[in-house]
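Here is what each chain is made of, one letter per residue.
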Amino acid sequence: MYQYDPYDQAIVDERVRQYADQVRRRLSGELTEEEFRPLRLQNGLYMQRHAYMHRIAVRTATCAATSCGCWRALHASTIAATAISRRASSPASRRTRSSIRAHGPSCCANGPRSIPNLRGCRASSRQLSALSRAKNKRAVGEDIDLSLLTDGLEAEREQGITIDVAYRYLATAKRKFIIADTPGHEQYTRNMVTGASTAHASIILVDATRVRVDDAARTQLLPQTKRHSAIVKLLGLPHVIVAVNKLDLLEFSEKRFNQIRDAYVELAAQLGLANVRFVPVSALKGDNIVAASERMPWYAGEPLLDMLESLPVDLQVRAALRLPVQWVARQDGTQADDFRGYMGRVEFGEIKLGQAVAVLPAQRRASVAQIIVPVPGGTASVDRAFAGQCVTVRLAEDIDVSRGDTLVAADDVPTPARKLQADLCWFDDAPLSLQRKYLLKQTSATVLARVSAIERVLDVHTLSHATGRDALAMNDIGTVSLTLQKPVVVDTYDSHPGTGAFVLIDDATHQTVAAGMVRAYSA
């Protein structure tokens, strides 16, 4: 995700004024084309980042499902209604927000059966027409089983469940979204963790027809709901939307929605989840998906799509610099003035021309001589680069820098760590062994590691923790202590997810066996 950091609006305004003055000087002949070209490239990139981040930008990945099928239908309804609302109008009008709003409600009100009949939606019509003829569809007659939009595997379509993570893309006039459709079954907990690990928001689906009220008049949420909520908390997702689905089978009961909402509020308090939003939906006909439903007049809140478009995103623009080196680029190595650049992605913070940096873990110091970024048609030198950008950095001093090293600000140097405390989700069929070593891959660094102790293991059903375990089985989530062969530059996952996350790899089979999130570290 591209992240933009002008610090405040005053600096943005000043940069715009500077560029306007440079354009004026070029038009008046004070600057030659050769003098103006680098200024245009630098300021053009700056303006592009500003427009991208503040007008259309936010990759909001949504994930999690708490009942089989309902999230897939919800996701498919959102995509279908949004795609048609954007394409059913003329090319000139579909660029405006009003045209989307004008076409959106009619699409939802008519329901999925009307989708293939809309003109001007050629690609979507062909795809949905093919879905209407799918052999594994579970809809009646000519109705379309929208869950097939995300169920790509043959086994998923035959069994009617989600097995693997499916990524789908949609865009509105306000934002672009990457949606990760993840499975809800306990057997595929590792897939849910994989999909949620890169998300900024989570949509947790609750099947209203499967929620029961016990003899003491207490609403009992599904174990899937508790498990997925616990994983969302573990991964630190800042936004949670609870979509209570299939209310059409309960005559759009406000009472049932309120019961489920109150029960989840108690669960959220127990887990420590904040910023939880609730929306009643019926994905079958698109109620409260793109437009407000007339069949739920008691709900005065936003529909799901509007809720997603209005979610704030924390860009962490003031974080300390972290630039893991992924590749050392050499050119003209036989020449005295050969090119040596260090390529990687700025995980956090920003890097500036002339800035003093430290290379960790070796603690070498240097200054930035050049910053090169990709642009359409080639590359360009810029005076700064921000988090999310892929860059090539040249240093003024000749020092030893290799893949796995990390560039940090010289005035804010963290201490490399060899001992980690982390939350670990085990992926492999073979259980975790305390007697063997694993490869730990964190950013671009790979080191040998040993799990020295399993402190506790989460019970996703009761949300309690068990102690005294000496192994983790597949899909188990536990807190462990690790000892590394050599130090790495690491941060806690809560403060810097990019440098606070890692995977464990079996050194014999080279299979990824676990994913981890650093909670504490020491030298």
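Draft legend 1. Structural detail: the overall build of the chain. For the chain, the helix and strand inventory stands at 11 helices and 24 strands. Relative to its full complement of 523 residues, the chain shows a buried share of 50%. Entry remark: accessible area of the chain is about 24300 Å², with carbon and sulfur atoms responsible for 49%.

Draft legend 2. Broad picture of the sheet that holds strand 6 (residues 239-245). An order of 3-6-7 is seen for the 3 strands of this open sheet, with the pairing classed as parallel. At either end of the open sheet lies a strand with only one pairing partner, and these are strand 3 (201-207) and strand 7 (276-280). Averaged over all pairs of adjacent strands, the angle between strand axes in this sheet comes to 20 degrees, irrespective of strand direction. In the packing of helix 8 (residues 223-235) onto the sheet, contacts are made with strand 3 and strand 6, and the angle to strand 3 comes to roughly 170 degrees.

Draft legend 3. Looking closely at the packing of aromatic side chains. All chains considered together, the criterion is met by 3 aromatic pairs. Ring centres of Tyr264 and Phe278 lie 6.0 Å apart, and the angle between their planes is 80 degrees; this geometry places the pair in the edge-to-face category. Within this pair, whereas Tyr264 is found in helix 9 (residues 254-271), its partner Phe278 is found in strand 7, the two being separated by 14 residues in sequence. A relative accessible area of 1% means that Tyr264 is categorised as buried. You can call Phe278 buried: its relative accessible area is 16%. Geometrically, the ring pair formed by Trp426 and Tyr438 is edge-to-face, given 5.7 Å between the ring centres and 80 degrees between the ring planes. Taken together, the positions of Trp426 in strand 18 (residues 417-426) and Tyr438 in strand 19 (residues 437-442) put the pair 12 residues apart, joining distant regions of the chain. Using a relative accessible area of 1% as the deciding quantity, one classes Trp426 as buried.

Draft legend 4. Up close: the packing of helix 7 (residues 189-196) against helix 8. One can describe the packing of helix 7 onto helix 8 by two numbers: an axis separation of 10 Å at closest approach and a directional angle of 40 degrees. In terms of orientation, helix 7 lies oblique with respect to helix 8. The two elements helix 7 and helix 8 cross, and the hand of that crossing is right-handed. Between helix 7 and helix 8, the residues in contact are Thr189, Met192, Val193 and Ala196 and Arg227, His228, Ile231, Val232 and Leu235, respectively.

Draft legend 5. Layout of the environment of Ile203. Take Ile203: it is sitting in strand 3. Note: C-alpha distance between Ile203 and Ser229 (26 residues apart in sequence) is 10.0 Å.

Draft legend 6. How the structure looks around the pattern of salt bridges. Overall, the coordinates contain 14 salt bridges when judged by the stated rule. The closest approach of N and O atoms between Asp287 and Arg295, which form a salt bridge, is 2.7 Å. Classification of Asp287 as buried rests on a relative accessible area of 6%. Since its relative accessible area comes to 44%, Arg295 is described here as partly exposed. The shortest N-O distance in the salt bridge between Arg345 and Glu347 comes to 3.0 Å. Connected via shared salt-bridge partners are Glu350, Lys352 and Arg384.

Draft legend 7. Seen up close, the environment of Ile260. Residue placement: Ile260 occurs in helix 9. When the C-alpha atoms of Ile260 and Val206 are compared, they prove to be 8.5 Å apart, with 54 residues separating the residues in sequence. Apart from the residues lying within four places of it in its own chain, the contact partners of Ile260 are Val206, Ala208, Val211, Thr219, Leu221 and Val244.

Draft legend 8. Structural view of the environment of Ile399. Along the chain, the position of Ile399 falls in the loop between strand 16 (390-395) and strand 17 (406-409). Linking Ile399 and Arg365, residues 34 residues apart in sequence, is a C-alpha distance of 8.3 Å. Filtering out sequence-adjacent residues up to four positions away, Ile399 remains in contact with Arg340, Tyr342, Val359, Arg364, Arg365 and Ala366.

Draft legend 9. Quick look at helix 7. For helix 7, the buried fraction is high: 6 of the 8 residues fall into the buried class. Here helix 7 has its buried residues at Thr189, Asn191, Met192, Val193, Gly195 and Ala196. Looking at the buried residues of helix 7, the elements they touch are strand 1 (166-171), strand 2 (176-181), helix 8 and strand 18.

Draft legend 10. The arrangement of the confidence of the model for the chain in detail. Per-residue pLDDT for the chain averages 77, and the proportion of residues at 70 or more is 72%. For the stretch residues 1-8, pLDDT sits under 50, and the model shows 33 contacts to residues farther than four places along the chain or on other chains.

Draft legend 11. Quick look at the packing of helix 8 against helix 9. Between helix 8 and helix 9, the shortest axis-to-axis distance is 10 Å and the interhelical angle comes to 40 degrees. With respect to each other, helix 8 and helix 9 are oriented oblique. As helix 8 runs across helix 9, the sense of the crossing is right-handed. Of the residues in helix 9, those touching helix 8 at Thr225, Lys226, Ser229, Ala230 and Lys233 are Tyr264, Leu267 and Leu271.

Draft legend 12. Here's a closer look at unusual backbone geometry. Following Leu360, the chain continues to Pro361 via a peptide bond in cis, the omega torsion being 10 degrees. If you check the backbone angles, Phe252 has positive phi at about 50 degrees while not being a glycine. Within the fold, Phe252 resides in the loop between strand 6 and helix 9. One non-glycine residue, Gln363, lies in positive phi territory at about 65 degrees. Residue position: Gln363 is located in the loop between strand 12 (356-360) and strand 13 (364-375).

How each quantity is defined
Residues numbered from 1 in each chain as written. Predicted model: local features only at pLDDT ≥ 70, side-chain atom pairs only at ≥ 80, totals over all residues. Heavy atoms only, no water. Helix = DSSP H or I, 4+ residues; strand = E, 2+ residues; numbered from the N terminus. Buried < 20%, exposed > 50% of the residue type's maximum accessible area, 1.4 Å probe, protein only. Areas by Shrake-Rupley, 256 points an atom, 1.4 Å probe, with all protein chains shown as cover. Pairing = 2+ DSSP bridges. Axes fitted to C-alpha atoms, helices over the stretch in contact; angles between N-to-C directions. Contact = heavy atoms within 4.5 Å. Phe/Tyr/Trp six-rings, centres within 6.5 Å; stacked < 30°, edge-to-face > 60°. Parallel < 35°, antiparallel > 145°, perpendicular 65-115°, else oblique. Left-handed = near helix turned anticlockwise from the far one by under 90°. Salt bridge = Lys/Arg side-chain N within 4 Å of Asp/Glu carboxyl O. pLDDT = per-residue confidence, 0-100.

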